[in-house]
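Observations on the model geometry
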Amino acid sequence: MTPEELIKKVRKIEIRTKALSHQIFAGEYHSAFKGRGMAFSEVREYQYGDDVRNMDWNVTARMSAPYVKVFEEERELTVVLLVDISRSGLFGTAVKTKREQIAEIAATLAFSAILNNDKVGCILFTGHVEKFIPPGKGRTHFLHIIREILEYEPQSDGTDIGEALRYLTNAIKKKCTAFVLSDMLDVQADGAPRYEDALKVAVNRHDLSVIRVSDPREKFLPNVGLVHAKDAETGASRWINTGSRSVRSAYENWFRTATSGADRLFLRYQVDHVDIGTDEDYVRGLMDLFQKR
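The structure displayed is predicted, hence computed values, not measured ones.

Another point: the overall build of the protein. On a plain count of helices and strands, the protein comes out with eight helices and ten strands. Counting all 293 residues of the protein, 48% fall into the buried class. A sequence separation of at least 24 residues applies to 75% of the contacts in the protein between residues at least 6 apart. Put simply, the protein shows about 15300 Å² of open surface, and 49% of that area lies on carbon and sulfur atoms.

Here it is, written out as structure tokens:
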């Protein structure tokens, strides 16, 4: 992508996301995420009806009387976007590639946060964390994030969502609102997600949501005979007989297992999530995510 093409693309995304954020998402974002971050305020004596989970046992032992921690809603949130920029994101058979769809969704979330005077940061990841943009504010910071999502060339192969989640936990000490934007196809040989342990830790530290972006052609193999396929992330290639019903069935079962495995994980750890295709308008998907909250 030439500098001129990049500027044109960034500008187009900025115009679209600015309109959406002003007209649709500003209020929805505010009501869905504002007030979910809690900051420690003080310690006081226990009163009837207080949540025992807020007991401060150290002070209680020292004072020989029950004391609880008091928290107050934070007026300002920190939003962190965990963006999958692995080479599988270059796949797209509809209107956009997965990476282009993810970039627009990330831009909309970032601009909505900026409109609410929140800080926005970004973690770009593949098989490793490629780049960390610390949380900041303002239009210049917003444009920097979008340019990196669109332009950054991955240095590593593969996809490791667990690595990105561990980086989030270590880099952002204060509770934040985090969005994972990925196809979430980071699975073991049996289709089980590889990132469960990291997800379990992250959801206990941060307010985490997942936006799973996929292409309609990923769900099944078309019957087009013998094709030469190449893995965009590893470079490995092989011939696949898509004319074989058993081959097509095996692939569909694998994809279904990978998707349902992630769904069970989100349910187990109470992670809000939404599925958005490259052939869909992401506005409805984001609205559904906001309304779940």
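Time to look at the side chain of T242. Here T242 is to be found in the loop between β9 (237–241) and α7 (245–268). Excluding residues within four positions of it along the chain, T242 makes contact with P222, N223, V224, G225, V227 and R248.

With 85% of its residues at a pLDDT of 70 or more, the protein shows a mean pLDDT of 86. Predicted confidence in the protein is weakest over helix α1 (residues 3–33), with a mean pLDDT of 64, and strongest over helix α5 (residues 161–171), with 97.

A few words now on the pattern of salt bridges. In total, this model carries eleven salt bridges according to the counting rule given. A salt bridge links D157 to R87; its shortest N-O distance comes to 2.9 Å. Of this pair, D157 sits in the loop between α4 (139–151) and α5 while R87 sits in the loop between β3 (78–84) and α3 (98–115), placing them 70 residues apart in sequence. By relative accessible area, R87 is classed as partly exposed at 26%. Overlapping salt bridges, with partners in common, bring together K98, D183 and E218 in one network.

Moving on: the sheet that holds strand β7 (residues 207–214). Overall, mixed pairing links the six strands, which are arranged β5-β4-β3-β6-β7-β10 in an open sheet. Two strands in the sheet have a free side with no partner beyond their single neighbour: β5 (129–136) and β10 (272–277). With direction set aside, neighbouring strand axes in the sheet form an average angle of 15 degrees. Note that β3 and strand β6 (residues 177–182) share five bridges and pair parallel. Its bridge partner being in β6, V83 is matched across the sheet by L181.

It is worth spelling out the packing of α5 against helix α6 (residues 196–205) at this point. Where α5 contacts α6, the axes come no closer than 9 Å and their chain directions differ by 30 degrees. As judged from the angle between their axes, α5 and α6 are roughly parallel. Crossing angle aside, the handedness with which α5 passes α6 is left-handed. Residues G162, L165, R166 and T169 of α5 form the contact with α6, whose participating residues are A198, L199, V201, A202 and R205. Residues that form the contact of α5 with α6 fall into these classes: five nonpolar, two polar and two charged.

You can see R256 is positioned in helix α7. The partly exposed category is assigned to R256, whose relative accessible area is 48%. With 36 residues separating them in the primary sequence, R256 and F220 have C-alpha atoms 9.5 Å apart.

Scoring rules and cut-offs
- Residues numbered from 1 in each chain as written.
- Predicted model: local features only at pLDDT ≥ 70, side-chain atom pairs only at ≥ 80, totals over all residues.
- Heavy atoms only, no water.
- Helix = DSSP H or I, 4+ residues; strand = E, 2+ residues; numbered from the N terminus.
- Buried < 20%, exposed > 50% of the residue type's maximum accessible area, 1.4 Å probe, protein only.
- Contact = heavy atoms within 4.5 Å.
- Areas by Shrake-Rupley, 256 points an atom, 1.4 Å probe, with all protein chains shown as cover.
- pLDDT = per-residue confidence, 0-100.
- Salt bridge = Lys/Arg side-chain N within 4 Å of Asp/Glu carboxyl O.
- Pairing = 2+ DSSP bridges.
- Axes fitted to C-alpha atoms, helices over the stretch in contact; angles between N-to-C directions.
- Parallel < 35°, antiparallel > 145°, perpendicular 65-115°, else oblique.
- Left-handed = near helix turned anticlockwise from the far one by under 90°.
- Nonpolar A, V, L, I, M, F, W, Y, C, P; charged D, E, K, R; others polar.

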